[in-house]
Structure formats: structure tokens, C-alpha cells
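Given next are the chains, with one letter for each unit.
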Amino acid sequence: MRIGDLATSVFDREMRGAGIALDFGLAKVRVRAEVPGFSEAFRFLYAHFPCEPPQGFFEITASLRRSRGLRRHVRPQVEFVVDGERPFEPFPSDTHVPLFEWGVNFCVARRCNHRLLLHAGAVARDGEAVLLPALPGTGKSTLTAALAARGFRLLSDEFGALRLSDGAVLPAPRPIALKNESIELMRRFSKDVALGPTFPKTRKGSVAHLAPAAESVARRHEPARPVLLVFPQFVRGAALAVEPVRRSRAFARLSTNAFNYELLGPAAFDAVGRLVQECNCYSLVYDDLDGAVDAIATLLARRGRRSHAGATSGH
Amino acid sequence: MPDRTPGGPDPRWRACHPTIRSVPLDDELAVFNPVSWETHLLNPGGAQVFEVLLERAASIRELRAELEALRADEGEPIRDEQIEALLAELEDLGLITRVSGDADR
Amino acid sequence: MRFDRSAHAPARVLLEVCGNPSRACALSLDEWDLVVRAARSAKLLATLGARLAAERLLPRLPRAVADAMESEAALARYRDQMARLELRRVARALAPLDLPIVLLKGVAYLIEGLAIAGGRLLADVDILVPRDRLEAAERALVQAGWRSSDLDELDQRYYREWSHELPPLRFPDHPLELDVHHTILPVTGRLHPDAAALFAASRAAKLEGFRVLSPEDQVLHACVHLFQDSDLSNRLRDLIDVDGLARELGRDDAFWDRLLARSRRHGLDRPLWYALHFAADALGTTVPRRAFDALVDALPSRIARALMDRLLPLALLPSHPDRMPPVHVRLSRGAMRARYQWLRLPPSLLATHALGKALRGLRMKLSSATPEPSPH
């Protein structure tokens, strides 16, 4: 039984009552919400996730509550509450999903420091992972969404989470947040994309979420081995350009990119060192999503043809 | 043996932490300073010097000889000031320390 | 047990497991869910993890629970490392002044390798210097790069004239603040421990250039830190410090006599009584009967005792994770805060300061050590 199979009224009742359990691989969330519209949007975006009882141990227990302040009469607001605390200011109550997603990201970054958390998109094919470390604004979420739409397994659009013991990438497939023009772009890119409602006028402009595909969700407990590091940069009008990146440069970029490089100290050094040694590293400048996806697919295929033992420097 | 010139011994350096974590990245070297928890990236010249100092104490003269041997005498000759500047930087970062060549202390 | 009556289930279980780690093996996943969340908000999750690790019990816990503790342990290790770095810088900056620098609280426990240092999540670095060298120390630190907090004039005055510490200093880009104290309680408070005696009894720390308080003074500091210098809200951790110190330092029976003598010398019998009373109640600290007997003159009035017995557990323990603090907990915390202001400032000064910023704002010293995730 999956979340999408539940009747809306039943789901809504659970959401307002005991809460909904969500296991997205990297962590489990127990969520309760009493905000109109949220359960419907949630049910669409998390449709492929199995129904599980909200009992047991959860990394994150959160609720979306209507603000209690006097403002609630003038402009209704919603708060993200986790363990009795409100980490951020309330959002307007019609931007509940962006608030929920933001809140979960926040909790993951604070509670998953037993993993190295890269700020990166991550996809996989046949057990091999491609990591796309990038700052906000470089188009990594859109590119990750495009790769997922073209058959790559979605691992994450936000956290490239590495297991410290062996460097494996741990999946966390969740709705991909697309902003402004990217929303329309993805609609044109693939007819099958499952786009949730658009939330206009958030602080980042319009935001809509792409639901993760059934297979990505089903395989959320399957780690993948990182083989390719691609630093993407969207540049309007630019010709496609793929360049190898020196390992030392890749190391430097990853250490500043990771959420918790400094925090983890020697463990992070070891993990990034291993990652950079085991992966081929490239930069990718692109304007056209199709071209970018093809380029990454090619890099991945080319990587497979070289023997693993023989692979030394990037080029 | 420390190289003694009349008037004083040759200063030598060695790495502070002989078992320091390091990762070779092509011909460069990433190093993790266990005291400051900082990460440093050394270019090929820096990496070569540092690797010598991980194994043993060495003076500028000895390091120059080492580097020239590695390069098989290609390129411009290495000047002592270049090595001095590099050593000063490594010392500043807390990666190497001066050891006295004077056995009488 | 007062704590038993007042505590909600997660807090009760947390107390049990802290005191008796082997109980952890019997917890269900549902219980773990609540205990981990309560521990995290009490800043005790890493401490709990350290105690379980010491008993080699981590492999026997559910994987997700051990992982949550490991995440918190990483945070604690980072702060320990940053504290050591800060101390090295402080030693270099203050060396020319040749003054005694005494480590306090968390950094003292860390450097001395006390059991309670395990998983302690340091919030800042606390040091004690003589009052007459305070200005010189501040100048040297600022010279060496530390920056004073951005406080308005009223708050600066509060710190400098009334308090027992400088406004917090911070070395640029460093996650921990440096708190330079000249005594262990506010100057304007009602109790006046003998600062000179603190220095006289201090001993060399296990880190060159620093000293630590005598064991008796360490215990007394932990007691006054909780019962005179805090608002007692969500401060279980401080009580755990008192319990841990008493266990580790009080193994030698003669310690208790020295502690009592010292307390009398400093005039700290009342907070000592409170701390031992509640630590024994909540955590089962073994306190010799004669210690309570010796403190009988310092007992608060029966009414005060009854009130504290009722209110303190509610205020001290973390709230139930699933509920916003219920009204009576909020009231308890409010009462504790009122007590805190009363203890710190004589009534005339209280009025002046209440017009300015809230006291609590000044006491917020916790700096975030994890980078902000980019919210999408």
C-alpha cells in the first residue's frame, strides 16, 4: 500500500492525527500537519512512498502548525515545529510545502553529521553514482531533475550524502524544488514529469516540486558507488563545454561545498580524498539540458570502459 | 649529520607530525593539520619538500639537492630563496618546525 | 522522588539511562524516539552516547539510534577541537602578561580528562583571571585579534560593572566565544565567593600555561553556576555535571570534608545544598549523610524548599518532545527566571536593567557550529 493509494480523506485524517511516516532513505520523518491544502500536495509528491505506521524511531518529528499569534487573523501563517522548537519564522500558510521541504533539509543538515553531506545533486545508473556539487543558482536542481527524467535513478537533488565507512552515496529521493523558469523548462523537457502545485511569491520566486519516480523511491535503500564528479554551471547561450578538473581543484571545491567538511575534520578529509581519487572529475558548462544530460551519460559510459584499476588521473 | 660551516650549524627542518594524514592528488598533495584541523593543498614543489621532511630532517642545501635529483636537472636551477620562502610558509601553517642542528644545546 | 513525580516519561527514562546505561538495552524503538529527542533538546544526546560507548553498549542499540548519537558526537568532537585551538591562541596571546589563567567548566573538564567531558557539546571557552589584571588581559586579547561582542552601552556597563565576566569575545570566524571571568559569581549577587582563595588553591592544568580550580572549588562552581547563575530552565546538563563531578572526585571520602570546609569559606552552603539535594534525587548521586547534616544551617525555609521541589524538576528537565511546554512548565520557568534575576541583581539595580534589554538575551552564548543549509 502506497501513500498515493490512500483515499484523500483517510490520508488527511492521518496527517492531522497520529501523523504520516516518511522514510526517504537517508532519514525517516514523522510529520503532522493541520494546514489546509498540505496533505493533498504532500500526497501527490510522495505518492510512491509506502504507507508505514508512524510508530518507532524517527530521525525527524515535525509538524506544520498554524501560527498562534494575532497575525493569524490578518494573514494566516504556518510554522515548522520540530521537537518543541520553531527554527524559523513562519511562512504564509499557502506556502506549506516549500516550508516543509526547507525544514526537513535544515534538520538533515543538523542531524546527519555521521555522513559527509555534500551540497550536490546525485543520480545513479547501474549502481554507479554521478555527483553534481554546486552552489545555488548554478542549475543543479534542474539538471538533476532532467537526468532523473531521462532514466537516471534519483539519489538526491540537495544532499550528496556519503557513508564515511566506504564512501558510498546514500539515497534521499525527495521532491525536487524547481524555481521560476525551470518549472516551465521541465514541463517542456519531459511530458511525464509529475509536477506538484506551483507556489508563487515565495522568497525565491515561484516554486514547484517534481515528484520522485517510483523506481527511485523503491530503491532508496540501495547505495551507489560514486564514479563521476561533475561541477555544473548553467550559462545562458553558452556552448556545451566539458573540461577535466584537476584533482586538487576538485578537492578544494568539494571541501568548500560540503555542509559539514569543517565539522567532520579528519573524517571529511579522508572521505573527500577518497572521493576525488576514485572519481573522474569534470566541469560542465551548458545552456541546453538535453546536451548536458547526453554529455553526462557519455562521461559515465566512457568511465565504464576504462578498467577501474587502471584509472589514474582524470585525463 | 648536520652540515656545519665555521661560525654555526646549518638550520634544518622537519615535519611536525610524521604520521600526518595526506592524500596524493596527481602531483600535488592534500594535507590535514591535526592541530588546527585545517586542510592544506601543496603544489608539486611544496609536496616534494614536505614529503622529504616527513621522512627526515633536512637543511636548505639538502632539500635543494633532493629537488634537483627529482627533476633530473631539468628546467631552471632552484634557488635557495625559493626553498626558504616555501619553508617559511610551511612553518607558518604549522606543518614543519625548525630543529636545531647544534648538538651542544 | 520529586523528579519521578514531576517528570514526564521521556525525561524519566532519560534520567534512568544517564545514570544507568545498561537500561538502554531494554528500550523499545518508541521509547528511544522520545528519549533521543528529549536528550537532544537538553543537549545531552552526545553525553548519553559517550556513556553508552564507555560501557561498550553502542553495538547493541538499534542502528538508527546509534547513528543519531554518532552525529551528535561528531559535533561534540568538533567543539572540543575548536576549544583546544582557542586555548592555544589564548596562551600565546597572554603569555607575555605572565598571569594565572584558570580554566573553568567545560574546558577544564576537557583538558583534565574528566568523565563528564565526554560528549559535552561545549558552548564557549571560560577562563578566570585576577580582577586587577582583567583590563590588561582584555587589551592583549583584542590586540591579538579577538573582537568584543556588539553590545549597546547599557549591556556593556552591565557586564563590566555588575557581572563577573567581560562581554564575550570572539576570534574572527571561530565558532566558540571566549568568556573571561574574574570571579565565579556576579559582583552584584548576594553571595561573594573568595576569588583570591580560588586562585590560591588552583593547580597546574594538564595543558601548559593554564591552571584549574581545586576539585572542591570545581564542584562548588558547578553548583553555583546552576543555582545562582542560571535561570534553571532546561538545565539538566548542569545537574549532570554536579553529579559527575561528585562521583569522580568524591570517591575519596575525605573529599567531602574538604568540600564542606571550602563551601563554608566561600559562603556557598545554600547552592551546594540545593545542588546535592537535587542531584541525589534526580540522578542518585551518593552524598554522605554527614554532608547533608553539616549543611543543615543553610537549608532554605520549608516553604522555599517545597516550592523548589515542585518547580525545579518542571523547569530543569527538557519539555516533552511532542508538546510545546505546557502552561505550568512555562510558569515554573518564569518563576525560575524571576529567581535568577533576583539572585543576580539587588532590587534597585534590577529595576534599572529591566528597562533595557532582556537579561536572557545577554546570556545566549551558544554559537552554531554547523553551517546553515541552503533552504530551497
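Since the structure is predicted, the reported quantities are computational estimates derived from the model, not experimental observations.

## Regarding the overall build of chain A
Line of reasoning, step 1. Counting secondary structure elements, chain A contains 10 helices and 16 strands.
Line of reasoning, step 2. Taking the principal axes of the C-alpha coordinates as reference, chain A spans close to 65 × 40 × 35 Å.
Line of reasoning, step 3. Burial statistics for chain A: of 315 residues in total, 52% are counted as buried.
Line of reasoning, step 4. Taking contacts inside chain A between residues at least 6 apart in sequence as the whole, the part at least 24 apart equals 70%.

## As for the overall build of chain C
Line of reasoning, step 1. Of the regular secondary structure elements, chain C holds 18 helices and seven strands.
Line of reasoning, step 2. Considering only contacts within chain C whose residues lie at least 6 apart along the sequence, 71% involve residues at least 24 apart.

## Let's talk about the interface of chain A and chain B
By a widespread convention, an interface's size corresponds to the accessible area lost as its parts come together.
Line of reasoning, step 1. Contact residues are listed per partner, giving 14 residues for chain A and 11 residues for chain B.
Line of reasoning, step 2. For the side of chain A that touches chain B, the secondary-structure elements that each account for two or more residues are α7 (247–257) and α9 (266–278) of chain A.
Line of reasoning, step 3. Tallying contributions element by element places α9(A) first for the side of chain A that touches chain B, with six residues.

## Concerning the packing of helix α10 (residues 215–227) of chain C against helix α12 (residues 254–266) of chain C
All names here are of chain C.
Line of reasoning, step 1. Relative orientation of the contacting elements α10 and α12 amounts to 60 degrees, with a least axis distance of 9 Å. Classed by the angle they form, the pair α10 and α12 counts as oblique. Remark: the crossing between α10 and α12 carries right-handed chirality. Of the residues in α12, those in contact with Pro 215, Glu 216, Asp 217, Val 219 and Leu 220 of α10 are Phe 255, Arg 258, Leu 259, Arg 262, Ser 263 and His 266.
Line of reasoning, step 2. The residue inventory of the contact of α10 with α12, partitioned by class, reads five nonpolar, two polar and four charged.

## Structural notes on the interface of chain C and chain A
Line of reasoning, step 1. Chain C puts 30 residues into the contact, and the matching count from chain A is 27 residues.
Line of reasoning, step 2. Sorting the residues of the side of chain C that touches chain A by element identifies α3 (29–41) and α5 (63–94) of chain C as the ones contributing at least two each.
Line of reasoning, step 3. Broken down by element, the side of chain C that touches chain A gets its largest block of residues, 10 residues, from α5(C).
Line of reasoning, step 4. Among the residues making up the side of chain C that touches chain A, the classes are represented as 16 nonpolar, seven polar and seven charged.

## Some details on the nonpolar core
Line of reasoning, step 1. Of all hydrophobic cores here, the largest spans 234 residues; its most connected members are Val130(A), Val230(A), Val35(C), Ile127(C), Cys223(C), Leu239(C) and Ala275(C).
Line of reasoning, step 2. When residues of this core are assigned to domains, at least three map to each of domain 1 (3–111) and domain 2 (115–305) of chain A.
Line of reasoning, step 3. Once you skip the residues sitting within four places of it in the chain, Cys223(C) turns out to touch Val242(C), Leu268(C), Pro271(C), Leu272(C) and Ala275(C).

## As for the packing of helix α1 (residues 8–16) of chain A against helix α2 (residues 38–45) of chain A
To describe two helices that pack against each other, one gives the angle between their axes and the distance between the axes.
Residues and elements named next belong to chain A.
Line of reasoning, step 1. Interaxial distance between α1 and α2 falls to 9 Å at its minimum, and their mutual angle equals 110 degrees. As summarised for this structure, α1 and α2 are arranged roughly perpendicular, according to the angle between their axes. As α1 packs across α2, the resulting crossing turns out to be right-handed. Two secondary-structure elements touch here, α1 through Thr 8, Phe 11, Asp 12 and Met 15 and α2 through Ser 39, Glu 40 and Arg 43.
Line of reasoning, step 2. Taken together, the residues of the contact of α1 with α2 break down into two nonpolar, two polar and three charged.

## Let's talk about the sheet that holds strand β8 (residues 96–99) of chain B
Residue and element names in this part refer to chain B.
Line of reasoning, step 1. Spatially, β7-β3-β8 is the arrangement adopted by the three strands of the open sheet, whose pairing is antiparallel. In this open sheet, the two strands that pair with only one neighbour each are β7 (58–59) and β8.
Line of reasoning, step 2. Summarising the sheet, strand β3 (residues 12–15) and β7 pair through two bridges and their orientation is antiparallel. For Arg 12, the partnering residue across the bridge sits in β7 and is Ser 59.

## Regarding the domain arrangement of chain A
Residues and elements named next belong to chain A.
Line of reasoning, step 1. Domain boundaries in chain A define domain 1 (3–111) and domain 2 (115–305).
Line of reasoning, step 2. Tallying the contact residues gives 16 residues for domain 1 and 24 residues for domain 2.
Line of reasoning, step 3. Split by residue class, the side of domain 1 that touches domain 2 holds 11 nonpolar, four polar and one charged.

## Section: the environment of Leu236(C)
Residue and element names in this part refer to chain C.
Line of reasoning, step 1. Tracing the backbone through its elements, the reader meets Leu 236 in helix α11 (residues 236–249).
Line of reasoning, step 2. C-alpha separation for the pair Leu 236 and Pro 313, spaced 77 residues apart in sequence, amounts to 9.0 Å.
Line of reasoning, step 3. If we ignore the near neighbours within four places in the chain, the residues touching Leu 236 are Ala 42, Leu 44, Leu 316, Leu 317 and Pro 318.

## Brief notes about the environment of Arg225(A)
Residues and elements named next belong to chain A.
Line of reasoning, step 1. By the secondary structure assignment, Arg 225 is in strand β14 (residues 225–234).
Line of reasoning, step 2. Overall, the presence of 16 C-beta atoms within 10 Å leaves Arg 225 in the partly exposed class.
Line of reasoning, step 3. Between the C-alpha atom of Arg 225 and that of Arg 125, which follows or precedes it by 100 residues, the distance is 9.9 Å.
Line of reasoning, step 4. If we ignore the near neighbours within four places in the chain, the residues touching Arg 225 are Gly 127, Glu 128, Ala 129 and Ala 168.

## Remarks on the sheet that holds strand β4 (residues 77–82) of chain A
Residues and elements named next belong to chain A.
Line of reasoning, step 1. Across the sheet, five strands lie side by side as β1-β2-β3-β4-β5; this open sheet has mixed pairing. The sheet terminates laterally at β1 (20–23) and β5 (91–92), the two strands that pair on one side only.
Line of reasoning, step 2. Bridge count between β1 and strand β2 (residues 28–33): four bridges; the pairing is antiparallel. Each residue of the ladder has a partner; that of Asp 23, found in β2, is Lys 28.

## Description of the confidence of the model for chain C
Residue and element names in this part refer to chain C.
Line of reasoning, step 1. Here chain C shows a mean pLDDT of 85. Residues at 70 or above account for 85%.
Line of reasoning, step 2. A low-confidence stretch, residues 350–376 (pLDDT under 50), is modelled with 44 contacts involving residues beyond four sequence positions or located in other chains.
Line of reasoning, step 3. Predicted as a complex, the structure gets a pTM of 0.89 and an ipTM equal to 0.93.

## Structural notes on the environment of Gln82(B)
Line of reasoning, step 1. Tracing the backbone through its elements, the reader meets Gln82(B) in helix α3 (residues 80–92).
Line of reasoning, step 2. C-alpha separation for the pair Gln82(B) and Arg64(B), spaced 18 residues apart in sequence, amounts to 9.7 Å.

## Some remarks on unusual backbone geometry
All names here are of chain C.
Line of reasoning, step 1. Non-glycine residue Asp 98 carries a positive phi angle of around 50 degrees.
Line of reasoning, step 2. Mapped onto the fold, Asp 98 is located in the loop between α5 and β1 (102–104).
Line of reasoning, step 3. Residue classification places Asp 98 among the exposed positions, given that 7 C-beta atoms sit within 10 Å.
Line of reasoning, step 4. At Lys 105, a residue that is not glycine, the phi angle is positive and equals roughly 55 degrees.
Line of reasoning, step 5. Structurally, Lys 105 is set in helix α6 (residues 105–112).
Line of reasoning, step 6. C-beta crowding within 10 Å serves as the criterion here: with 25 such atoms nearby, Lys 105 is assigned to the buried category.

What counts and what doesn't
- Residues numbered from 1 in each chain as written.
- Chains lettered and ligands numbered in written order.
- Predicted model: local features only at pLDDT ≥ 70, side-chain atom pairs only at ≥ 80, totals over all residues.
- Helix = DSSP H or I, 4+ residues; strand = E, 2+ residues; numbered from the N terminus.
- Buried ≥ 20, exposed ≤ 12 C-beta atoms within 10 Å, placed from the backbone.
- Contact = placed C-beta atoms within 7 Å.
- Axes fitted to C-alpha atoms, helices over the stretch in contact; angles between N-to-C directions.
- Parallel < 35°, antiparallel > 145°, perpendicular 65-115°, else oblique.
- Left-handed = near helix turned anticlockwise from the far one by under 90°.
- Nonpolar A, V, L, I, M, F, W, Y, C, P; charged D, E, K, R; others polar.
- Core = buried A, V, L, I, M, F, W, Y, C linked by C-beta atoms within 7 Å.
- Domains from an automatic or database assignment.
- Pairing = 2+ DSSP bridges.
- pLDDT = per-residue confidence, 0-100.

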